[in-house]
Amino acid sequence: AQRVTQPEKLLSVFKGAPVELKCNYSYSGSPELFWYVQYSRQRLQLLLRHISRESIKGFTADLNKGETSFHLKKPFAQEEDSAMYYCVSYRAGANNLFFGTGTRLTVIP
Amino acid sequence: EPEVTQTPSHQVTQMGQEVILRCVPISNHLYFYWYRQILGQKVEFLVSFYNNEISEKSEIFDDQFSVERPDGSNFTLKIRSTKLEDSAMYFCASSSDRVGGGYTFGSGTRLTVV
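The structure displayed is predicted, hence computed values, not measured ones.

1. Observations regarding the overall build of chain B
Phase 1 of the analysis: Helix and strand content of chain B: 0 helices and 11 strands.
Phase 2 of the analysis: Start at the N end of chain B and walk to the C end: the helices and strands fall as β-β-β-β-β-β-β-β-β-β-β.
Phase 3 of the analysis: The C-alpha radius of gyration computed for chain B amounts to 13 Å, which stays within 12% of the reference 13 Å derived for 114 residues, consistent with globular compactness.
Phase 4 of the analysis: Judged by the C-alpha coordinates and their principal axes, chain B covers about 35 × 25 × 25 Å.
Phase 5 of the analysis: For chain B, with 114 residues in total, the buried portion stands at 46%.
Phase 6 of the analysis: In chain B, once contacts between residues fewer than 6 apart in sequence are set aside, the share between residues at least 24 apart is 54%.
Phase 7 of the analysis: Carbon and sulfur atoms form 45% of the exposed surface of chain B, whose accessible area is close to 5,600 Å².

Here's what the structure looks like:
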């Protein structure tokens, strides 16, 4: 079965501090993983995807197959990063997204 | 930037009533989806729709639910005989192809069954 696990429901960091949102996956094949974000009163939107290996808004996420992890990191948190973050896997055969439970990040000024 | 539009933003209905949630996907997208999020729980897949038919559905999407694309723009989710446990945020999404990162989500309809 395909699963993504986000162990932290809530995470608070001070502005300027590093932040890491954890995600672990279980998947028998090659996973396709994403981070989606939902800012207050806004819609779910894609933040980044593992295949592109890009940095969006200072965030990066590296797929670690050995640890089956896809943690989201940012070296210096900003207040505008406060949001709900979802680790998501894509089920290509079924063409649907499987969401983790989400982590609410609060950046303290 | 094109948006997926959902109406209404909040719907309150009595248990046992039927509700229709409406969505206008992005015009050139071909795949349409409904997801739901019960308060405090994860976002869950309900159904995907392509070429005027359901392509995938989850175990949640039972006979109580149906989807329709009545015209070229709207995509609706009908819930018959609503139950208290149907109270949730319902998200519509659309995509141009079968790529996980290509989804555009609507802002959701909060359904409250009383």
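2. Focus on the sheet that holds strand 3 (residues 19-21) of chain A
Phase 1 of the analysis: Strands sit in the order 3-8-7 (chain A) across an open sheet of 3 strands; the sheet is antiparallel. The strands lining the two open edges of the sheet, one partner per strand, are strand 3 and strand 7 (60-61) of chain A.

3. Some words on unusual backbone geometry
Residue and element names in this part refer to chain B.
Phase 1 of the analysis: Omega for the peptide link from Thr 7 to Pro 8 comes to -10 degrees, which places this bond in the cis form.
Phase 2 of the analysis: Here Pro 8 is to be found in the loop between strand 1 (5-7) and strand 2 (10-13).
Phase 3 of the analysis: Positive phi outside glycine occurs at Asn 51, with the angle close to 55 degrees.
Phase 4 of the analysis: You can see Asn 51 is positioned in the loop between strand 5 (43-50) and strand 6 (53-57).
Phase 5 of the analysis: We classify Asn 51 as exposed; its relative accessible area is 58%.
Phase 6 of the analysis: Positive phi values are uncommon outside glycine, yet Ser 81 reaches one of about 45 degrees.
Phase 7 of the analysis: With respect to the helices, strands and loops of the structure, Ser 81 is situated in the loop between strand 8 (75-79) and strand 9 (88-95).

4. Some details on the pattern of salt bridges
All names here are of chain A.
Phase 1 of the analysis: Evaluated as defined, the whole model comprises 6 salt bridges over all chains.
Phase 2 of the analysis: Residue Lys 15 pairs with Glu 79 through a salt bridge whose shortest N-O separation is 3.9 Å. Pair noted here: Lys 15 is in the loop between strand 2 (10-14) and strand 3 and Glu 79 is in the loop between strand 8 (72-74) and strand 9 (83-91), with a separation of 64 residues, a long-range link.
Phase 3 of the analysis: Note on Glu 79: relative accessible area 36%, which makes it partly exposed.

5. Concerning the sheet that holds strand 1 of chain B
Residue and element names in this part refer to chain B.
Phase 1 of the analysis: On the basis of which strands lie adjacent, the open sheet formed by 4 strands has the order 1-3-8-7 and antiparallel pairing. Either end of the sheet is taken by a strand with one partner, and the two such strands are strand 1 and strand 7 (65-68). Here the average twist between neighbouring strands, direction ignored, is 20 degrees.
Phase 2 of the analysis: Pairing between strand 1 and strand 3 (residues 19-24): 3 bridges, direction antiparallel.

6. A closer look at the nonpolar core
Phase 1 of the analysis: Formed by 24 residues in total, the largest nonpolar core has its most connected members in Leu 21, Trp 35, Leu 72 and Tyr 85 of chain A.
Phase 2 of the analysis: Those elements that provide at least two residues to this core are strand 2, strand 3, strand 5 (33-38), strand 6 (45-49), strand 9 and strand 11 (103-108) of chain A.
Phase 3 of the analysis: Beyond its immediate chain neighbours, meaning those up to four positions away, Leu 72 of chain A contacts Val 19, Glu 20, Leu 21, Trp 35, Leu 47, Leu 48, Phe 59, Thr 60, Ala 61 and Tyr 85 of chain A.
Phase 4 of the analysis: Within the second largest apolar cluster, 23 residues are counted, among which are Ile 26, Leu 46, Val 67 and Ala 88 of chain B.

Rules of the game
Residues numbered from 1 in each chain as written. Chains lettered and ligands numbered in written order. Predicted model: local features only at pLDDT ≥ 70, side-chain atom pairs only at ≥ 80, totals over all residues. Heavy atoms only, no water. Helix = DSSP H or I, 4+ residues; strand = E, 2+ residues; numbered from the N terminus. Rg over C-alpha atoms; globule rule 2.2 N^0.38 Å. Buried < 20%, exposed > 50% of the residue type's maximum accessible area, 1.4 Å probe, protein only. Contact = heavy atoms within 4.5 Å. Areas by Shrake-Rupley, 256 points an atom, 1.4 Å probe, with all protein chains shown as cover. Pairing = 2+ DSSP bridges. Salt bridge = Lys/Arg side-chain N within 4 Å of Asp/Glu carboxyl O. Axes fitted to C-alpha atoms, helices over the stretch in contact; angles between N-to-C directions. Core = buried A, V, L, I, M, F, W, Y, C linked by side-chain atoms within 4.5 Å.

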